Amino acid sequence: MIPVNVPRLIGREKEYLIECIETGWISSEGPFVTRFENEFSTYIGRKNGIAVANGSAALDVAVRAMNLEKGSEVIVPTFTIISPVQSLVKEGLIPVLVDVDPETFNMDVSAIEDKITDKTAAILVVHIYGFPVDMDPVIEMASKYELRIIEDAAEMHGQEYKGRKCGSFGDISVFSFYPNKHITTGEGGMILTDDDDLAERCRQLKNLCFIPARRFVHEEFGWNYRMTNLQAALGVAQLEQIDSVIKRKREIGNRYSQNLKGISRVKLPAVKNSYAQNIYWVYALVAESEELCDHIQSELKKHKIGTRPFFWCMHEQPVFQKMGFFKNESYPHAEKIARNGFYIPAGLGISDAEIDIVSEKIREIITNG
Ligand SMILES: *Cc1c(COP(=O)(O)O)cnc(C)c1O
(Lines give C-alpha, C1' and ligand atoms only; values in the text may rest on other atoms or scores of the structure.)
Protein backbone atom coordinates (compact mmCIF):
# COMPACT_ATOMS: atom_id res chain seq x y z
CA MET A 1 0.00 0.00 0.00
CA ILE A 2 1.31 3.47 -0.92
CA PRO A 3 -0.98 6.02 0.74
CA VAL A 4 -1.36 9.51 -0.68
CA ASN A 5 0.39 10.93 2.38
CA VAL A 6 2.63 9.55 5.12
CA PRO A 7 4.02 12.10 7.58
CA ARG A 8 7.69 12.13 8.59
CA LEU A 9 8.40 12.39 12.33
CA ILE A 10 12.15 11.85 12.48
CA GLY A 11 13.39 14.72 14.64
CA ARG A 12 12.89 15.44 18.33
CA GLU A 13 9.10 14.91 18.25
CA LYS A 14 9.17 11.95 20.64
CA GLU A 15 11.55 13.65 23.06
CA TYR A 16 9.38 16.77 23.29
CA LEU A 17 6.17 14.75 23.66
CA ILE A 18 7.73 12.78 26.52
CA GLU A 19 8.66 16.10 28.10
CA CYS A 20 4.97 17.14 27.97
CA ILE A 21 3.90 13.92 29.62
CA GLU A 22 6.60 13.96 32.27
CA THR A 23 5.89 17.58 33.20
CA GLY A 24 2.13 17.16 33.01
CA TRP A 25 1.75 20.08 30.56
CA ILE A 26 -0.72 18.69 28.07
CA SER A 27 -3.26 21.52 27.73
CA SER A 28 -2.88 24.82 25.92
CA GLU A 29 -1.20 26.28 29.02
CA GLY A 30 2.10 24.52 28.41
CA PRO A 31 5.38 26.22 27.42
CA PHE A 32 5.69 24.69 23.95
CA VAL A 33 2.69 26.72 22.75
CA THR A 34 4.35 30.11 23.20
CA ARG A 35 7.65 28.72 21.99
CA PHE A 36 6.04 27.41 18.80
CA GLU A 37 4.21 30.71 18.25
CA ASN A 38 7.45 32.66 18.63
CA GLU A 39 9.60 30.36 16.55
CA PHE A 40 7.11 29.97 13.71
CA SER A 41 6.28 33.68 13.46
CA THR A 42 9.99 34.49 13.49
CA TYR A 43 10.62 31.94 10.77
CA ILE A 44 7.96 33.49 8.52
CA GLY A 45 9.03 36.99 9.48
CA ARG A 46 5.97 38.24 11.35
CA LYS A 47 5.67 39.89 14.72
CA ASN A 48 2.85 37.82 16.27
CA GLY A 49 1.84 34.18 16.10
CA ILE A 50 -1.40 32.82 17.56
CA ALA A 51 -1.58 29.03 17.67
CA VAL A 52 -4.99 27.43 17.19
CA ALA A 53 -6.61 24.01 16.89
CA ASN A 54 -6.43 23.74 13.08
CA GLY A 55 -6.19 25.76 9.88
CA SER A 56 -9.93 26.16 9.42
CA ALA A 57 -10.19 27.53 12.97
CA ALA A 58 -7.38 29.95 12.13
CA LEU A 59 -9.47 31.22 9.22
CA ASP A 60 -12.61 31.59 11.36
CA VAL A 61 -10.70 33.64 13.91
CA ALA A 62 -8.74 35.66 11.33
CA VAL A 63 -11.84 36.62 9.34
CA ARG A 64 -13.81 37.61 12.46
CA ALA A 65 -10.86 39.57 13.83
CA MET A 66 -10.63 41.66 10.65
CA ASN A 67 -14.00 43.13 11.62
CA LEU A 68 -15.17 43.73 8.05
CA GLU A 69 -18.60 45.27 7.71
CA LYS A 70 -21.35 42.65 7.31
CA GLY A 71 -22.55 42.40 3.72
CA SER A 72 -19.27 43.59 2.27
CA GLU A 73 -17.57 41.63 -0.49
CA VAL A 74 -14.36 39.64 -0.35
CA ILE A 75 -12.62 38.44 -3.50
CA VAL A 76 -11.56 34.78 -3.33
CA PRO A 77 -10.59 32.05 -5.78
CA THR A 78 -13.35 29.60 -6.74
CA PHE A 79 -10.72 26.86 -6.77
CA THR A 80 -9.84 26.27 -3.12
CA ILE A 81 -10.64 24.12 -0.12
CA ILE A 82 -13.92 25.32 1.38
CA SER A 83 -12.41 26.59 4.67
CA PRO A 84 -11.63 30.21 3.73
CA VAL A 85 -14.94 30.71 1.92
CA GLN A 86 -17.09 29.21 4.66
CA SER A 87 -15.31 31.46 7.18
CA LEU A 88 -16.41 34.48 5.13
CA VAL A 89 -20.01 33.35 4.73
CA LYS A 90 -20.34 32.50 8.43
CA GLU A 91 -19.36 36.11 9.20
CA GLY A 92 -22.04 37.53 6.89
CA LEU A 93 -19.57 38.48 4.15
CA ILE A 94 -20.16 37.95 0.44
CA PRO A 95 -17.54 35.87 -1.39
CA VAL A 96 -16.88 37.13 -4.91
CA LEU A 97 -15.12 34.53 -7.01
CA VAL A 98 -12.39 34.58 -9.63
CA ASP A 99 -11.23 31.82 -11.96
CA VAL A 100 -7.81 30.12 -11.83
CA ASP A 101 -4.64 30.45 -13.78
CA PRO A 102 -4.41 26.88 -15.18
CA GLU A 103 -0.60 26.91 -15.00
CA THR A 104 -0.36 27.46 -11.24
CA PHE A 105 -3.90 26.53 -10.08
CA ASN A 106 -3.90 29.86 -8.23
CA MET A 107 -6.38 32.70 -8.63
CA ASP A 108 -6.07 34.58 -11.90
CA VAL A 109 -4.96 37.91 -10.50
CA SER A 110 -5.74 39.70 -13.75
CA ALA A 111 -9.43 38.97 -13.06
CA ILE A 112 -9.47 40.73 -9.69
CA GLU A 113 -9.90 44.35 -10.72
CA ASP A 114 -13.11 43.69 -12.68
CA LYS A 115 -14.63 42.21 -9.54
CA ILE A 116 -13.96 45.21 -7.32
CA THR A 117 -17.05 47.25 -6.39
CA ASP A 118 -17.68 49.90 -3.76
CA LYS A 119 -18.64 47.05 -1.41
CA THR A 120 -15.33 45.21 -1.72
CA ALA A 121 -13.50 45.10 1.60
CA ALA A 122 -10.74 42.54 1.13
CA ILE A 123 -8.96 40.06 -1.09
CA LEU A 124 -8.53 36.62 0.42
CA VAL A 125 -5.65 34.90 -1.37
CA VAL A 126 -5.16 31.14 -1.14
CA HIS A 127 -1.84 29.72 -2.31
CA ILE A 128 -2.66 26.43 -4.00
CA TYR A 129 -0.71 23.15 -4.28
CA GLY A 130 2.85 24.41 -4.80
CA PHE A 131 3.06 27.87 -6.33
CA PRO A 132 2.21 31.10 -4.51
CA VAL A 133 -0.38 33.51 -5.83
CA ASP A 134 1.23 36.23 -7.97
CA MET A 135 1.27 38.71 -5.10
CA ASP A 136 2.53 41.93 -6.71
CA PRO A 137 -0.71 42.65 -8.61
CA VAL A 138 -2.73 41.71 -5.50
CA ILE A 139 -0.77 44.14 -3.35
CA GLU A 140 -1.17 46.80 -6.03
CA MET A 141 -4.97 46.32 -6.16
CA ALA A 142 -5.21 46.32 -2.39
CA SER A 143 -3.38 49.59 -2.09
CA LYS A 144 -5.15 51.22 -5.06
CA TYR A 145 -8.65 50.38 -3.72
CA GLU A 146 -7.83 50.35 0.01
CA LEU A 147 -8.59 46.68 0.52
CA ARG A 148 -7.32 44.40 3.26
CA ILE A 149 -5.43 41.21 2.42
CA ILE A 150 -6.19 37.93 4.16
CA GLU A 151 -3.64 35.28 3.23
CA ASP A 152 -4.28 31.55 3.43
CA ALA A 153 -0.78 30.08 3.39
CA ALA A 154 -1.87 26.67 4.72
CA GLU A 155 0.02 24.86 1.96
CA MET A 156 3.08 27.09 1.80
CA HIS A 157 5.34 26.67 4.85
CA GLY A 158 8.72 27.97 3.75
CA GLN A 159 7.62 28.79 0.19
CA GLU A 160 8.76 32.15 -1.13
CA TYR A 161 7.34 34.63 -3.62
CA LYS A 162 10.18 36.63 -5.20
CA GLY A 163 12.36 35.80 -2.20
CA ARG A 164 9.81 36.79 0.44
CA LYS A 165 8.08 34.14 2.58
CA CYS A 166 4.45 33.25 1.99
CA GLY A 167 2.45 34.10 5.08
CA SER A 168 4.16 37.49 5.33
CA PHE A 169 1.91 39.26 2.80
CA GLY A 170 -1.50 39.44 4.46
CA ASP A 171 -2.72 41.97 7.00
CA ILE A 172 -3.44 38.63 8.59
CA SER A 173 -2.21 35.22 7.43
CA VAL A 174 -3.00 31.65 8.38
CA PHE A 175 -1.30 28.28 8.29
CA SER A 176 -2.43 24.70 8.89
CA PHE A 177 -0.37 21.91 10.41
CA TYR A 178 -2.49 18.99 9.25
CA PRO A 179 -0.35 15.85 8.63
CA ASN A 180 -0.15 16.42 4.88
CA LYS A 181 1.29 19.94 5.28
CA HIS A 182 5.03 20.57 5.23
CA ILE A 183 5.16 20.66 8.99
CA THR A 184 2.55 18.99 11.12
CA THR A 185 1.20 19.02 14.65
CA GLY A 186 -1.38 16.29 13.92
CA GLU A 187 -4.13 18.89 13.87
CA GLY A 188 -3.15 22.51 14.28
CA GLY A 189 -3.05 25.98 12.85
CA MET A 190 -1.51 29.41 13.31
CA ILE A 191 -2.52 32.99 12.66
CA LEU A 192 0.25 35.50 11.93
CA THR A 193 0.09 39.27 11.91
CA ASP A 194 2.33 42.26 12.51
CA ASP A 195 -0.59 44.17 14.05
CA ASP A 196 -0.55 43.85 17.87
CA ASP A 197 -4.22 44.80 18.30
CA LEU A 198 -5.30 42.26 15.71
CA ALA A 199 -3.14 39.64 17.45
CA GLU A 200 -4.73 40.41 20.82
CA ARG A 201 -8.18 40.18 19.25
CA CYS A 202 -7.31 36.73 17.84
CA ARG A 203 -6.10 35.57 21.26
CA GLN A 204 -9.44 36.60 22.72
CA LEU A 205 -11.51 35.00 19.99
CA LYS A 206 -9.72 31.64 20.11
CA ASN A 207 -10.16 31.52 23.89
CA LEU A 208 -13.93 32.00 24.38
CA CYS A 209 -13.51 35.78 24.75
CA PHE A 210 -12.73 35.61 28.43
CA ILE A 211 -12.19 39.19 29.62
CA PRO A 212 -9.17 40.07 31.72
CA ALA A 213 -11.20 41.97 34.34
CA ARG A 214 -13.24 39.03 35.57
CA ARG A 215 -12.87 35.46 34.35
CA PHE A 216 -16.15 33.80 33.27
CA VAL A 217 -17.71 37.13 32.37
CA HIS A 218 -18.18 37.50 28.60
CA GLU A 219 -19.18 40.38 26.38
CA GLU A 220 -19.31 38.30 23.21
CA PHE A 221 -18.85 34.79 21.84
CA GLY A 222 -15.56 33.32 20.75
CA TRP A 223 -14.47 29.74 20.28
CA ASN A 224 -12.35 27.28 22.14
CA TYR A 225 -9.86 26.87 19.31
CA ARG A 226 -6.76 26.55 21.51
CA MET A 227 -3.76 24.46 20.47
CA THR A 228 -2.48 21.98 23.07
CA ASN A 229 1.06 21.77 24.39
CA LEU A 230 1.28 18.29 22.84
CA GLN A 231 0.53 19.67 19.40
CA ALA A 232 2.95 22.56 19.88
CA ALA A 233 5.69 20.15 21.03
CA LEU A 234 5.36 18.40 17.68
CA GLY A 235 5.38 21.77 15.94
CA VAL A 236 8.63 22.90 17.58
CA ALA A 237 10.32 19.62 16.62
CA GLN A 238 8.97 19.80 13.07
CA LEU A 239 10.05 23.40 12.57
CA GLU A 240 13.62 22.41 13.46
CA GLN A 241 13.55 20.28 10.29
CA ILE A 242 11.94 22.77 7.91
CA ASP A 243 14.93 23.25 5.63
CA SER A 244 15.33 19.53 5.03
CA VAL A 245 11.56 19.22 4.57
CA ILE A 246 11.51 21.78 1.78
CA LYS A 247 14.53 20.19 0.16
CA ARG A 248 12.97 16.74 0.30
CA LYS A 249 9.60 18.00 -1.01
CA ARG A 250 11.36 19.44 -4.04
CA GLU A 251 13.35 16.22 -4.53
CA ILE A 252 10.10 14.23 -4.51
CA GLY A 253 8.53 16.57 -7.05
CA ASN A 254 11.58 16.58 -9.29
CA ARG A 255 11.88 12.80 -9.17
CA TYR A 256 8.27 12.42 -10.33
CA SER A 257 8.79 14.99 -13.08
CA GLN A 258 11.92 13.20 -14.24
CA ASN A 259 10.19 9.80 -14.16
CA LEU A 260 7.08 11.03 -15.96
CA LYS A 261 8.82 13.25 -18.48
CA GLY A 262 7.26 13.16 -21.94
CA ILE A 263 4.17 11.26 -20.80
CA SER A 264 1.14 11.84 -23.00
CA ARG A 265 -2.45 12.76 -22.05
CA VAL A 266 -1.46 14.00 -18.59
CA LYS A 267 -0.03 17.41 -17.77
CA LEU A 268 2.76 17.59 -15.21
CA PRO A 269 3.14 20.47 -12.77
CA ALA A 270 5.68 23.16 -13.64
CA VAL A 271 9.03 23.08 -11.85
CA LYS A 272 9.19 26.87 -11.60
CA ASN A 273 7.73 30.02 -13.06
CA SER A 274 8.77 33.65 -13.26
CA TYR A 275 8.33 34.30 -9.53
CA ALA A 276 8.68 31.02 -7.62
CA GLN A 277 9.91 27.48 -7.56
CA ASN A 278 7.29 24.74 -7.03
CA ILE A 279 7.33 23.47 -3.44
CA TYR A 280 5.03 20.52 -4.35
CA TRP A 281 2.68 20.58 -1.40
CA VAL A 282 1.03 17.94 -3.55
CA TYR A 283 2.21 16.49 -6.85
CA ALA A 284 -0.70 17.62 -8.99
CA LEU A 285 -1.52 16.11 -12.38
CA VAL A 286 -4.18 17.15 -14.87
CA ALA A 287 -5.50 14.49 -17.26
CA GLU A 288 -6.77 15.41 -20.73
CA SER A 289 -10.29 14.29 -19.79
CA GLU A 290 -12.43 13.55 -16.78
CA GLU A 291 -12.70 9.91 -17.90
CA LEU A 292 -8.94 9.51 -17.99
CA CYS A 293 -8.62 11.18 -14.60
CA ASP A 294 -11.10 8.71 -13.07
CA HIS A 295 -9.55 5.79 -14.92
CA ILE A 296 -6.01 6.49 -13.69
CA GLN A 297 -7.20 6.91 -10.11
CA SER A 298 -9.23 3.69 -10.10
CA GLU A 299 -6.38 1.71 -11.71
CA LEU A 300 -3.90 3.06 -9.15
CA LYS A 301 -6.32 2.10 -6.40
CA LYS A 302 -6.33 -1.49 -7.69
CA HIS A 303 -2.57 -1.44 -7.13
CA LYS A 304 -3.06 -0.01 -3.63
CA ILE A 305 -1.75 3.41 -4.59
CA GLY A 306 -3.65 6.28 -3.01
CA THR A 307 -4.74 9.39 -4.92
CA ARG A 308 -6.99 12.37 -4.30
CA PRO A 309 -9.08 14.36 -6.71
CA PHE A 310 -8.52 18.13 -6.93
CA PHE A 311 -10.59 20.62 -4.93
CA TRP A 312 -14.16 21.19 -6.11
CA CYS A 313 -15.08 24.72 -7.19
CA MET A 314 -16.87 26.97 -4.73
CA HIS A 315 -19.50 28.06 -7.29
CA GLU A 316 -20.47 24.40 -7.75
CA GLN A 317 -20.77 23.60 -4.02
CA PRO A 318 -24.27 22.47 -3.05
CA VAL A 319 -23.98 24.19 0.32
CA PHE A 320 -23.41 27.62 -1.25
CA GLN A 321 -25.96 27.07 -4.03
CA LYS A 322 -28.63 26.25 -1.41
CA MET A 323 -27.84 29.60 0.19
CA GLY A 324 -28.36 31.39 -3.12
CA PHE A 325 -24.72 32.16 -3.85
CA PHE A 326 -23.03 32.05 -7.27
CA LYS A 327 -26.20 31.48 -9.35
CA ASN A 328 -25.39 30.92 -13.04
CA GLU A 329 -21.71 31.71 -12.48
CA SER A 330 -19.15 29.81 -14.50
CA TYR A 331 -15.37 29.65 -14.26
CA PRO A 332 -14.20 27.39 -17.10
CA HIS A 333 -10.55 26.94 -16.14
CA ALA A 334 -11.40 26.01 -12.56
CA GLU A 335 -14.21 23.69 -13.65
CA LYS A 336 -11.84 21.88 -15.96
CA ILE A 337 -9.02 21.28 -13.49
CA ALA A 338 -11.51 20.32 -10.75
CA ARG A 339 -12.76 17.53 -13.02
CA ASN A 340 -9.52 16.44 -14.66
CA GLY A 341 -7.02 16.90 -11.84
CA PHE A 342 -5.74 14.51 -9.20
CA TYR A 343 -2.69 14.12 -7.04
CA ILE A 344 -0.49 11.17 -6.24
CA PRO A 345 1.49 10.03 -3.17
CA ALA A 346 4.08 12.70 -2.35
CA GLY A 347 4.08 13.02 1.42
CA LEU A 348 7.37 13.32 3.28
CA GLY A 349 7.27 9.67 4.34
CA ILE A 350 7.49 8.36 0.75
CA SER A 351 10.68 6.61 -0.41
CA ASP A 352 12.36 7.02 -3.80
CA ALA A 353 11.53 3.38 -4.57
CA GLU A 354 7.85 4.11 -3.95
CA ILE A 355 7.96 7.19 -6.19
CA ASP A 356 9.41 4.99 -8.93
CA ILE A 357 6.69 2.35 -8.48
CA VAL A 358 3.92 4.96 -8.69
CA SER A 359 5.51 6.57 -11.76
CA GLU A 360 5.91 3.20 -13.48
CA LYS A 361 2.25 2.32 -12.83
CA ILE A 362 1.05 5.64 -14.24
CA ARG A 363 3.09 5.09 -17.40
CA GLU A 364 1.64 1.60 -17.73
CA ILE A 365 -1.93 2.83 -17.31
CA ILE A 366 -1.47 5.53 -19.95
CA THR A 367 0.21 3.12 -22.40
CA ASN A 368 -2.49 0.47 -22.00
CA GLY A 369 -5.23 3.09 -22.46
C1 LIG B 1 -5.36 22.41 4.73
C2 LIG B 1 -5.92 23.72 4.34
C3 LIG B 1 -6.79 24.45 5.17
C4 LIG B 1 -7.43 23.86 6.39
O5 LIG B 1 -6.60 23.46 7.36
P6 LIG B 1 -7.11 22.37 8.44
O7 LIG B 1 -6.02 22.38 9.43
O8 LIG B 1 -7.24 21.08 7.72
O9 LIG B 1 -8.40 22.86 8.99
C10 LIG B 1 -7.14 25.72 4.80
N11 LIG B 1 -6.72 26.25 3.65
C12 LIG B 1 -5.93 25.57 2.80
C13 LIG B 1 -5.50 26.23 1.54
C14 LIG B 1 -5.53 24.28 3.10
O15 LIG B 1 -4.77 23.59 2.24
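Residues numbered from 1 in each chain as written. Predicted model: local features only at pLDDT ≥ 70, side-chain atom pairs only at ≥ 80, totals over all residues. Heavy atoms only, no water.

Undergrad: Explain the nonpolar core to me, using residue names and the numbers behind them.
TA: Counting residues in hydrophobic clusters, the biggest one holds 55 residues, and the most contacted among them are Phe79, Phe105, Tyr129, Ile191 and Phe310. Top element by residues in this core is helix H3 (residues 55–65). It accounts for seven residues. Taken together, domain 1 (13–99 + 106–239) and domain 2 (242–368) each give at least three residues to this core, which thus spans both. Within the second largest apolar cluster, 26 residues are counted, among which are Tyr16, Leu192, Ala237 and Leu239. (Core = buried A, V, L, I, M, F, W, Y, C linked by side-chain atoms within 4.5 Å. Buried < 20%, exposed > 50% of the residue type's maximum accessible area, 1.4 Å probe, protein only. Helix = DSSP H or I, 4+ residues; strand = E, 2+ residues; numbered from the N terminus. Domains from an automatic or database assignment.)

Undergrad: I'd like a description of the environment of Tyr43, backed by residues and values.
TA: Within the element layout of this structure, Tyr43 appears in helix H2 (residues 31–44). When the C-alpha atoms of Tyr43 and Ile26 are compared, they prove to be 25 Å apart, with 17 residues separating the residues in sequence.

Undergrad: Give a detailed account of the UniProt feature "modified residue: N6-(pyridoxal phosphate)lysine" (unreviewed entry) in the protein chain, specifying residues and quantitative values.
TA: The UniProt record marks Lys181 with the feature "modified residue: N6-(pyridoxal phosphate)lysine" (unreviewed entry), using the residue numbering of this structure. With respect to the helices and strands, Lys181 occurs in the loop between strand S8 (172–176) and strand S9 (189–193). Discounting residues that sit within four places of it in the chain, Lys181 has contacts with Ala154, Glu155, His157, Ser176 and Trp281. (UniProt positions renumbered as here; feature names shortened; annotations may be inferred. Contact = heavy atoms within 4.5 Å.)

Undergrad: Tell me what's going on with the domain arrangement of the protein chain, and back it up with residues and numbers.
TA: Taken domain by domain, the protein chain consists of domain 1 (13–99 + 106–239) and domain 2 (242–368). The C-alpha-based centres of domain 1 and domain 2 are spaced at 25 Å. Every contact between the two is made by 36 residues of domain 1 and, on the other side, 38 residues of domain 2. Looking at the side of domain 1 facing domain 2, the largest losses of area belong to Tyr129, Phe131 and His182, adding up to 26% of the total buried there. (Buried area = accessible area lost by both parts, 1.4 Å probe.)

Undergrad: Talk me through unusual backbone geometry; I want residue IDs and the actual numbers.
TA: Unlike most non-glycine residues, Phe216 shows phi in positive territory, near 75°. On the accessibility criterion, Phe216 (61% relative accessible area) is exposed. The backbone of Arg265 shows a phi angle near 70°, a positive value even though the residue is not glycine. Tracing the backbone through its elements, the reader meets Arg265 in the loop between helix H9 (242–259) and strand S10 (266–267). For Arg265, a relative accessible area of 34% puts it in the partly exposed group.

Undergrad: Hey, could you go over the sheet that holds strand S12 (residues 308–309) for me, with residue numbers and the actual values?
TA: Each strand in a sheet pairs with its neighbour through backbone hydrogen bonds, running either in the same direction (parallel) or in the opposite one (antiparallel). Strand order in the open sheet formed by four strands is S10-S11-S13-S12, and the pairing between neighbours is antiparallel. The open sheet terminates on both sides in strands that have one partner only, identified here as S10 and S12. Summarising the sheet, S10 and strand S11 (residues 283–287) pair through two bridges and their orientation is antiparallel. Paired with Val266 across the strands is Ala287, a residue of S11. Sheet strands in contact with helix H12 (residues 332–340) are S11 and strand S13 (341–344), and its direction is about 45° off that of S13. (Pairing = 2+ DSSP bridges. Axes fitted to C-alpha atoms, helices over the stretch in contact; angles between N-to-C directions.)

Undergrad: Can you explain the pairing of S13? Please cite residues and give values.
TA: Side chains Gly341 and Tyr343 project from S13 onto one buried face, and the interleaved Phe342 and Ile344 project onto a second face that is buried too. Both S11 and S13 contribute to a ladder of four bridges, which runs antiparallel. Counterpart to Ala284 in the pairing with S13 is Tyr343. Pairing of S12 with S13, which is carried by two bridges, proceeds in the antiparallel orientation. Residue pairing for S13: Pro309 is matched across the bridge by Phe342.

Undergrad: Can you lay out the site of the ligand for me, pointing to particular residues and giving the numbers?
TA: Taken together, 13 residues sit near the ligand, with Ser56, Asp152, Glu155, Ser176 and Lys181 positioned nearest. In the environment of the ligand, an oxygen atom lies 2.7 Å from a nitrogen or oxygen atom belonging to the backbone of Gly55. Separating an oxygen atom of the ligand from a side-chain N or O atom of Glu155 is a distance of 2.5 Å. Contact with the protein chains covers 91% of the free accessible surface of the ligand, which is 380 Å². If you tally residues by element for the shell around the ligand, the top one is H3, at three residues. A breakdown of the residues in the shell around the ligand according to their chemical character gives four nonpolar, six polar and three charged. (Near = heavy atom within 4 Å. Polar contact = N/O pair within 3.5 Å; in protein donor to acceptor, adjacent residues only side chain to side chain. Areas by Shrake-Rupley, 256 points an atom, 1.4 Å probe, with all protein chains shown as cover. Nonpolar A, V, L, I, M, F, W, Y, C, P; charged D, E, K, R; others polar.)

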